[in-house]
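Per-entry structural report
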Amino acid sequence: MHYCILLPGIEYDPADVSWVEDFVVDIAPLTDMRFVPRTYGYLPKWKVWGWPPYRHLVVEEQVYYLQHMRARLQPEDKLSILCHSFGGTIIEHALKEGVRFQNVVMFMPAMDEDFNWMDVESNFSHITVYWSPIDEALSCAYWGKMGWVAPNVQHPRVVDIERQWSHNQWMDSFDPEDFGRAFTRELLPPLVKDVIGQLERI
């Protein structure tokens, strides 16, 4: 079985932003993966950015969750990640802690741009990083700006894709109100089809 955990960023309020729910309801039925939305509550920006002990605590709790999830799966099961922004911070630390992922797709990750993939290359199969030089939010993320400046360390199984997006603009492609309900994968927007392919990669 192939599971994919969806990790949103900070200040994720489904009343305003709903890419996780949109993906699970409208896109997941078109794949063979099982999607697991990770809801860790509303994380206020001022607290995450301004109080490092709080940020470290949240990251520690979510890494423990990922370790627990990985431990519950069968050895042949695959675990992938689709995440945004602060989700990248969590994945950075999970990789360092030895959590093994199949594929990881990150949109504008708040992750150390100098992160050395070679140190954790046994913990992932493929990683895709979407980044944008006009991401106004990550320009101030002092602990990790990979989603703004791209990864500085290259790896043959890590692909970075540059886009001209604001921090949340990519979410428009996952909104069924914009593209209509797709009943086959061929009807999905190109970005959505690309992401599904990146997650399903063997």
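Quick caveat: nothing in here was measured; it's all calculated off a predicted structure. (Residues numbered from 1 in each chain as written. Predicted model: local features only at pLDDT ≥ 70, side-chain atom pairs only at ≥ 80, totals over all residues. Heavy atoms only, no water.)

1. So, the pattern of salt bridges
Inclusion rule: For this document, the term salt bridge refers to a Lys or Arg side-chain nitrogen within 4 Å of an Asp or Glu carboxyl oxygen. Secondary structure counts use DSSP, requiring at least four H or I residues in a row for a helix and at least two E residues in a row for a strand, with both numbered from the N terminus. Each residue is assigned to one of three classes by its accessible area relative to the maximum for its type, calculated with a 1.4 Å probe on protein chains only: buried under 20%, partly exposed between the two thresholds, exposed over 50%.
Inspection of every chain in the model, using the stated rule, returns 2 salt bridges. Close ionic contact of E92 with K96 constitutes a salt bridge, the shortest N to O distance being 3.3 Å. Remark: K96 and E92 occur in helix α4 (residues 86-96); sequence separation between them is 4 residues, near one turn of the helix. For E121, the salt bridge goes to R157, with nearest N and O atoms at 4.0 Å. Here E121 is found in the loop between β4 (103-107) and β5 (126-131), whereas its partner R157 is found in the loop between α5 (146-149) and β6 (158-162), with 36 residues between them in sequence. Using a relative accessible area of 33% as the deciding quantity, one classes E121 as partly exposed. Given the relative accessible area of 26%, R157 is considered partly exposed.

2. Some words on the state of the cysteines
Definition in use: We call a pair of cysteine sulfur atoms a disulfide whenever their separation is within 2.5 Å.
Inspection of every chain in the model, using the stated rule, returns 0 disulfides. Unpaired in this structure, C4 has its nearest cysteine sulfur neighbour in C83, at a distance of 9.4 Å. For C4, a relative accessible area of 0% puts it in the buried group.

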